[in-house]
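# Fold and contact review
In case you want the letters, here they are:
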Amino acid sequence: MSLFSIIPAAAVTDPRVEPRDLKVLTLLGLHNDDLGWCSMSPAMMADTLRFDHAAVDRILARLVGAGYVEQRPVPGVSEAVHEYRVVIDREAGAEALNALREAVR
């Protein structure tokens, strides 16, 4: 677990993002690997934040839809199990992440 969590500043004033969404966004930033992916399950997020499980599913969908979070299936596991990554730089996010992945291989 990290000591700090960096989230996109735009999420704070984005009208699509609700106050509780920011807690999930921050939690994703606290529990991530070296490439920024969080493998904490939505159920564990809900328990940690004391949110309803269905609410966390809606929040994650809203954050993904708004472009603040990326979601991908966990490699080698069911397509229903996902990892999440906070998108810090929505402009260069995918390119920068791919370059970082290549650099650490």
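To start, this report covers the structure provided alongside it.

Analysis parameters
- Residues numbered from 1 in each chain as written.
- Predicted model: local features only at pLDDT ≥ 70, side-chain atom pairs only at ≥ 80, totals over all residues.
- Heavy atoms only, no water.
- Helix = DSSP H or I, 4+ residues; strand = E, 2+ residues; numbered from the N terminus.
- Expected span 1.5 Å × (residues − 1).
- Buried < 20%, exposed > 50% of the residue type's maximum accessible area, 1.4 Å probe, protein only.
- Contact = heavy atoms within 4.5 Å.
- Arc of directions from axis to C-beta.
- Phe/Tyr/Trp six-rings, centres within 6.5 Å; stacked < 30°, edge-to-face > 60°.
- Lys NZ or Arg CZ within 6 Å of the ring centre and 35° of its normal.
- Axes fitted to C-alpha atoms, helices over the stretch in contact; angles between N-to-C directions.
- Parallel < 35°, antiparallel > 145°, perpendicular 65-115°, else oblique.
- Left-handed = near helix turned anticlockwise from the far one by under 90°.
- Nonpolar A, V, L, I, M, F, W, Y, C, P; charged D, E, K, R; others polar.
- Salt bridge = Lys/Arg side-chain N within 4 Å of Asp/Glu carboxyl O.

What follows deals with helix H2 (residues 19–30). Structural remark: α-helix, 3.6 residues per turn; residues separated by three or four positions point the same way. Helix length check: H2, at 12 residues, gives a terminal C-alpha distance of 18 Å against a target of 16 Å (1.5 Å per residue), a fit within 8%. All of the buried residues along H2 are Asp 21, Val 24, Leu 25, Leu 27, Leu 28, Gly 29 and Leu 30. Elements in contact with the buried residues of H2: helix H1 (9–13), strand E1 (37–38), helix H3 (42–49), helix H4 (53–66), strand E2 (69–73) and strand E3 (82–86).

Let us look at H3. Pro 42, Met 45, Ala 46 and Leu 49 are the residues of H3 that are buried. Buried residues in H3, looked at end-on, bunch into an arc of 100°, giving them a common side. In this structure, the buried side of H3 is in contact with H2, H4 and E3.

Before going further, it helps to spend a moment on the packing of aromatic side chains. The description of an aromatic ring pair uses the distance of the two centres, along with the angle that the planes make with each other. Tallied over the full model, the rule gives zero aromatic pairs. The ring of Phe 51 carries the charged tip of Arg 20 above its face, separated from the ring centre by 3.7 Å. One residue, Arg 85, lies across the ring of Trp 37, its end atom 6.0 Å from the ring centre.

Quick look at the packing of H2 against H3 now. In contact at an axis separation of 11 Å, H2 and H3 are set at 115° when each is read in the N-to-C sense. Our classification of the angle between H2 and H3 gives roughly perpendicular. In this structure, H2 crosses over H3, and the sense of that crossing is right-handed. Across the interface between the two elements, Lys 23, Val 24, Leu 27 and Leu 28 of H2 pack against Met 45, Thr 48 and Leu 49 of H3. Residues that form the contact of H2 with H3 fall into these classes: five nonpolar, one polar and one charged.

On to the pattern of salt bridges. Following the criterion strictly, the structure yields five salt bridges and no others. Asp 14 serves as the salt-bridge partner of Arg 16, at 2.6 Å between the closest nitrogen and oxygen. Note that Glu 70 is salt-bridged to Arg 85, the shortest N-O span being 2.7 Å. Placement of Glu 70 in strand E2 and of Arg 85 in strand E3 is noted, with a sequence separation of 15 residues between them. For Arg 85, a relative accessible area of 10% corresponds to the buried category. One network of salt bridges, with partners in common, ties together Glu 18, Asp 21 and Arg 62.

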